[in-house]
Amino acid sequence: QVQLVESGGGSVQSGGSLRLSCAASGYTYSNHWKGWFRQAPGEEREGDAAIHNDGNTTYGDSVKGRFTISQDNAKNTLYLQMNNLKPEDTAMYFCAVQTMNKSPTLHALSRLRYNNWGQGTQVTVSS
């Protein structure tokens, strides 16, 4: 039902920056979480950043101080500003939104909280 399309990925050198965008259609922001997740080959999908509709944010330890999540509710668009990128940030990055009620015990960065996902955009950081 909800379509999410990520863009803005690419190849950068270590220390560079990228800004990812996630455009949502068939969706009106509700009182739930939205997030950015990464998945490297052979690894579990893990949350980097999440934002609640009220503006509250949370970040994974590995990206604190480097990544910033934001939203433009009027445009149904989610952003991830990625600064000081490192080779270990290389992964497919996915946008996700929560549109259904979930257990309050689920962390905002838990993939189990989210029921709508984009197809991902590749980020490659070289040394």
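Located above this text is the structure these notes cover.
Residues numbered from 1 in each chain as written. Predicted model: local features only at pLDDT ≥ 70, side-chain atom pairs only at ≥ 80, totals over all residues. Heavy atoms only, no water.

Can you tell me about the state of the cysteines, naming the residues and giving the values?
In total, this model carries one disulfide according to the counting rule given. Linked covalently through their sulfurs, Cys-22 and Cys-95 form a disulfide whose S-S length is 2.0 Å. Taking the torsion about the sulfur-sulfur bond, which here is approximately -75°, the covalent link between Cys-22 and Cys-95 counts as left-handed. Here the residue Cys-22 occupies a position in strand E3 (residues 18-25), and Cys-95 occupies one in strand E9 (residues 91-97), the gap between them amounting to 73 residues. (Disulfide = S-S within 2.5 Å. Helix = DSSP H or I, 4+ residues; strand = E, 2+ residues; numbered from the N terminus.)

Mind laying out the nonpolar core, listing which residues take part and the relevant values?
In terms of nonpolar packing, the biggest core is built from 25 residues, with Trp-36, Ile-69, Leu-80, Met-82 and Tyr-93 touching the most fellow members. Elements with a contribution of two residues or more to this core: E3, strand E5 (46-52), strand E7 (67-72), strand E8 (77-82), E9 and strand E11 (121-126). Aside from chain neighbours lying at most four places away, what touches Met-82 is Gly-16, Ser-17, Leu-18, Leu-20, Arg-66, Phe-67, Tyr-93 and Val-123. Membership of the second largest hydrophobic core comes to seven residues, among which are Trp-33, Phe-37, Leu-109 and Tyr-114. (Core = buried A, V, L, I, M, F, W, Y, C linked by side-chain atoms within 4.5 Å. Buried < 20%, exposed > 50% of the residue type's maximum accessible area, 1.4 Å probe, protein only. Contact = heavy atoms within 4.5 Å.)

Pulling in residues and values, what's your account of the sheet that holds E7?
On the basis of which strands lie adjacent, the open sheet formed by four strands has the order E1-E3-E8-E7 and antiparallel pairing. For this open sheet the edge positions go to strand E1 (3-7) and E7, each flanked by a neighbour on one side alone. Strand-to-strand, the axes of this sheet are offset by a mean angle of 15°, without reference to chain direction. Relative to E8, E3 runs antiparallel, the two being bridged by six bridges. Across the sheet, Cys-22 pairs through a bridge with Leu-78, a residue of E8. (Pairing = 2+ DSSP bridges. Axes fitted to C-alpha atoms, helices over the stretch in contact; angles between N-to-C directions.)

For the pairing of E11, give the residues involved together with the corresponding values.
Side-chain alternation along E11 places Thr-121, Val-123 and Val-125 on a buried face and Gln-122, Thr-124 and Ser-126 on a face that remains uncovered. For strand E2 (residues 10-13) and E11, the ladder comprises four bridges, and the chain directions are parallel. Bridging across to E11, Gln-13 finds its partner in Ser-126. Pairing of E9 with E11 involves three bridges; the strand directions are antiparallel. Bridge assignment links Tyr-93 to a residue of E11, and that residue is Thr-121.

Function cannot be read off these values alone, since they describe shape.
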